[in-house]
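Working through the structure, step by step
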Number of protein chains: 4
Amino acid sequence: MNDLTILISCPDQVGLVTNITRILASHQLNIIAMREFVDEQNKAFFTRIACTGVFEETEKLKEKLLQNLPDEAEVTLITKKEKQIVVLVTKEYHCLAEILIKNQFKTLGANVKAVIGNYEELRDFTEKLGIPYFYVTHIDKDKSQFEKQVKEIINQFDADYLVLAKFMRILSSDFVKDYSGKIINIHHSFLPAFIGANPYRQAFERGVKIIGATAHFVTDNLDEGPIITQHTTHVDHNFGVKEMIRAGKEIEKKVLLEALELIFEDRVFVSGNKTIVFK
Amino acid sequence: MNDLTILISCPDQVGLVTNITRILASHQLNIIAMREFVDEQNKAFFTRIACTGVFEETEKLKEKLLQNLPDEAEVTLITKKEKQIVVLVTKEYHCLAEILIKNQFKTLGANVKAVIGNYEELRDFTEKLGIPYFYVTHIDKDKSQFEKQVKEIINQFDADYLVLAKFMRILSSDFVKDYSGKIINIHHSFLPAFIGANPYRQAFERGVKIIGATAHFVTDNLDEGPIITQHTTHVDHNFGVKEMIRAGKEIEKKVLLEALELIFEDRVFVSGNKTIVFK
Amino acid sequence: MNDLTILISCPDQVGLVTNITRILASHQLNIIAMREFVDEQNKAFFTRIACTGVFEETEKLKEKLLQNLPDEAEVTLITKKEKQIVVLVTKEYHCLAEILIKNQFKTLGANVKAVIGNYEELRDFTEKLGIPYFYVTHIDKDKSQFEKQVKEIINQFDADYLVLAKFMRILSSDFVKDYSGKIINIHHSFLPAFIGANPYRQAFERGVKIIGATAHFVTDNLDEGPIITQHTTHVDHNFGVKEMIRAGKEIEKKVLLEALELIFEDRVFVSGNKTIVFK
Amino acid sequence: MNDLTILISCPDQVGLVTNITRILASHQLNIIAMREFVDEQNKAFFTRIACTGVFEETEKLKEKLLQNLPDEAEVTLITKKEKQIVVLVTKEYHCLAEILIKNQFKTLGANVKAVIGNYEELRDFTEKLGIPYFYVTHIDKDKSQFEKQVKEIINQFDADYLVLAKFMRILSSDFVKDYSGKIINIHHSFLPAFIGANPYRQAFERGVKIIGATAHFVTDNLDEGPIITQHTTHVDHNFGVKEMIRAGKEIEKKVLLEALELIFEDRVFVSGNKTIVFK
């Protein structure tokens, strides 16, 4: 007996749930938990099904599902296997530390293969926790050279996801395409407010009473990819820029780690520029 | 074409989802949203299914479902019809007002038929908003006399639910049994902390930094029925008992109204002494 | 014996607290609570002092304080007297209802003198609760005519504050100047995100996981006045525009009422385009 | 020029603020921020004053303050000097890791001198981050022997505070007295709910919709010391005991670290069995 998670997305039509559950039953699979959602705007259907059963024949099952679903259907069968990730950083420690601590104590739900930094600040800490650290400076290079080097390192590791844990370089369209749907970023702002540089200064100048952070998939459009999780926290007139940054860091790590947990448990679908999150 | 919500609870066994969805398909019903949960502790299965379709034959459908489900299965078919409620109050206005305002502007999801109070304080306000107010004092009566009078009023109205909106009398076992699963209370505390009288004074004396409120179904055990919703809010040393009560009232009305919304949308199952809430 | 609240703002300099407290002592005033803040950016000092004592001579006290403070100092002495407000509305009831309910039960901290609406939708409800309702349509008028009529009504009432409770007309610079620092608005968005029309549709299209609302003083710049309070609430992929609006209304009334409570207790200073809020 | 934080607690009487500020002025101290609170129940006055100035003579200043305040006054003058702490643990890593990470990156506001554990599980991680780890088993010892050994280690380090970061042994009255007001504990529950062992199982059995955690000073009464900070988080029917524990850990570390930050910035007074926290 074993666990299987099935993710299906396809154009919506009548009878999908019945169709799918009939096929699962014919394979002696027992449905433990099932979530589905219809995006009415895009007429798209999404389901996440957790099953138990005996399945030597996942390929046959996938084929059968595809035969009985609309043409554009995407079917993913996931047997429990830990995700592999590579983390990209610059100088700030707070998100990286949260990831590496959970990695160290086996509660991350993924396995950190490597950390890549465009500065050396975080090498010492990373290596103390037994993770290889790769330094690739962006200085005196054009972006394509820099990204080529980064890719060479990433590609050694067969990573399921790249996590930008306060990585402060903007990635090119080409880079993003190469890892489409696989790059997760933490944005130091409650998007769409305060897009771009220095959001905490912007927040301070505006006198806001709340700051927030946003975890999102990275797409071509800077700060505009599908949002996965967001949280906010209250600030007041006593907060200068420095205090806002400190409070912001606490929110950033909370938001990023929550997004990662959801992704590593295969709970997040992307639909256009939005996400569907089956919590 | 019409909307139908189906609620099913039964002992868990393999193939329930498949069984159910097959029957729905054979009745040409299209599943819009489906939520299910298996209570592993009690080996119980719960599902809420929202469908569209043509169904002159809800009775036949119900029968067919019951035939194909375990013996103890409960099946409820709900076509969109507004719930009817009676509200019981004592002297405090904050929960009642929130209910009557939403009732007035047709955003409550239910229809307030009457308000019953054991004091006269809230008559004027209730009647201003066009709702009949019934005064039944508990003074100089034993509990059974008091409750008999209350029941006589309730029973005029064919209410789906009784809402205790800061009703400060403890109801007898007999009364509770007569409306089993239909009485919702707002408890002025974050249960199970500070059970009983004067929770805000208890909270103040203990120096807590958070207070809360709990909406729950009423059962025989005072303050011990299945919890539907809870929220908390921060307090600090500046809060005396009076300020705690004021903050508590804001939480109480928020918690109660959220619980009512969930119940009126048929999203709440009771399983033993707990609830399953399909948000 | 009596209560007195003293508000002082002035350029910051050494010794202000000592100076002020010495003068209060010489008037036999006992300080119950004192809050102060120095805005380092603008070198400005703000204090709110709650005292008890006997003070037939508030004018003398004010004069003495002014003599001993920097030239630009502003000193306000407030003896407990209920604030008077006029509320402006359009069609949505949720903020108005919250205000009128608290007004009805004497827990608003202010007294609603009148409601002015540019539609008739809310007349019936307002009048049921005994508050005069004035209808001024904006149709077939230019803005200055419309505002002239509105002002004539306001000016009958000697209002301390104007509350825009989902009033959907943009006020002219001239109007705003006439009631400078006295107009409070609830903005249906977490400013500065989604400025302008249809923020919930914008939020829906962007796929945000949080929505919020902002209470602010109204200044010349639309949506850009000093922020008083903000709150957010989580949403997810199940929320369409309609559900976002419903959730948004709950946040809007919470944010507005919290702002009003702070203002009516004289806890809010404006400093440039920000507020200082002594909670 | 230098920073000085002054903490004063004493029986309340008229004129305290004036008295105190006059003395500070006579020492050429400039008040940057001042917070005060009167505990009406206990007729006690508390103030925290942040000043700048030149003060070779802190002893003289303290003496002068004491001479001019009621007899039982306590005056503490704090010049900026990092707090020293010792952390006690058992097997769970989450609170310890948060403390050691902030210690490593100098953002804790204190300096971790040592970690003492009654198991060996956390030695490896602690030493990786360069902090000495002392193992003292409680097995085959009576409590007084165990605590004697723990004290010997603590006393090597001249610690300002002992932090119980999920330390699962109950300390004796004698031990607690020796470090009176200096021991901070994180309690795995929203006190006063679910006191004692296995709170998450209790929470699960009760079907609560919220769990929380409490940081408090340790006193003789188990789980009954003055509460410093509390937070809660929502749970639902999908949470088994395991998921509640996981969610609980996130709250525990947040609550503990927030309490430590407040304590290390000298923002917390204890008054009877409550705290006054000047945020």
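As a reminder, the structure under discussion sits directly above these lines.
Residues numbered from 1 in each chain as written. Chains lettered and ligands numbered in written order. Predicted model: local features only at pLDDT ≥ 70, side-chain atom pairs only at ≥ 80, totals over all residues. Heavy atoms only, no water.

**Some thoughts on the interface of chain D and chain B**
Tallying the contact residues gives 33 residues for chain D and 33 residues for chain B. Interface of chain D and chain B: buried area, both sides summed, is about 2,900 Å²; carbon and sulfur atoms make up 57% of it. When the buried area of chain D at its contact with chain B is split by residue, Arg206, Lys209 and His237 of chain D rank highest and sum to 26% of it. Taken together, the connections running from chain D to chain B amount to zero salt bridges. For the pair chain D and chain B, the interface holds eleven residue pairs in polar contact (both at pLDDT 80 or more). (Contact = heavy atoms within 4.5 Å. Buried area = accessible area lost by both parts, 1.4 Å probe. Salt bridge = Lys/Arg side-chain N within 4 Å of Asp/Glu carboxyl O. Polar contact = N/O pair within 3.5 Å; in protein donor to acceptor, adjacent residues only side chain to side chain.)

**Quick word on the packing of aromatic side chains**
If you walk through the whole model with that rule in mind, you get 32 aromatic pairs over all chains. Summarising the aromatic geometry, the rings of Tyr93 of chain A and Phe105 of chain D are spaced 4.0 Å apart at their centres and angled 5° between planes, so their arrangement reads as stacked. Residue Tyr93 of chain A is located in the loop between strand E5 (83-89) and helix H3 (94-104), and its partner Phe105 of chain D is located in the loop between helix H3 (94-104) and strand E6 (110-117); the two belong to separate chains. For Tyr93 of chain A, a relative accessible area of 11% puts it in the buried group. (Phe/Tyr/Trp six-rings, centres within 6.5 Å; stacked < 30°, edge-to-face > 60°. Helix = DSSP H or I, 4+ residues; strand = E, 2+ residues; numbered from the N terminus. Buried < 20%, exposed > 50% of the residue type's maximum accessible area, 1.4 Å probe, protein only.)

**Let's talk about the interface of chain A and chain C**
Taken together, the 33 residues of chain A in the interface contact 33 residues of chain C. Contact between chain A and chain C buries roughly 2,800 Å² in total, counting both sides, with carbon and sulfur atoms accounting for 57%. The largest per-residue losses of area from chain A upon contact with chain C belong to Arg206, Lys209 and His237 of chain A, which jointly make up 26% of the total buried on that side. In this structure, the connection of chain A to chain C is made through zero salt bridges. Going through the elements one at a time, helix H7 (199-206), strand E11 (227-234) and strand E13 (274-277) of chain A are the ones with two or more residues in the side of chain A that touches chain C.

**Observations concerning the pattern of salt bridges**
Across all of its chains, the model carries 69 salt bridges over all chains by this definition. For Lys253 of chain B, the salt bridge goes to Glu98 of chain C, with nearest N and O atoms at 2.5 Å. Taken together, the residues Lys253 of chain B in helix H8 (residues 241-264) and Glu98 of chain C in helix H3 (residues 94-104) connect one chain to another.

**Some details on H3 of chain C**
Along an α-helix, a turn takes 3.6 residues, which lines up residues three or four apart on a common side. With respect to burial, H3 of chain C is a largely interior element, ten of its eleven residues being buried. Immediately downstream of H3 of chain C, the backbone of Lys106 of chain C shows phi near 60°, a positive value.

**Some remarks on the packing of H3 of chain D against helix H8 (residues 241-264) of chain D**
Residues and elements named next belong to chain D. Across the interface, H3 lies against H8 with an axial gap of 9 Å and an inter-helix angle of 45°. Between H3 and H8, the crossing angle belongs to the class labelled oblique. For the pair H3 and H8, the crossing hand works out as right-handed. Contact residues: H3 offers His94, Cys95, Glu98, Ile99 and Lys102, while H8 offers Lys249, Glu252, Lys253, Leu256, Leu257 and Leu260. Residue classes in the contact of H3 with H8 are distributed as five nonpolar, one polar and five charged. (Axes fitted to C-alpha atoms, helices over the stretch in contact; angles between N-to-C directions. Parallel < 35°, antiparallel > 145°, perpendicular 65-115°, else oblique. Left-handed = near helix turned anticlockwise from the far one by under 90°. Nonpolar A, V, L, I, M, F, W, Y, C, P; charged D, E, K, R; others polar.)

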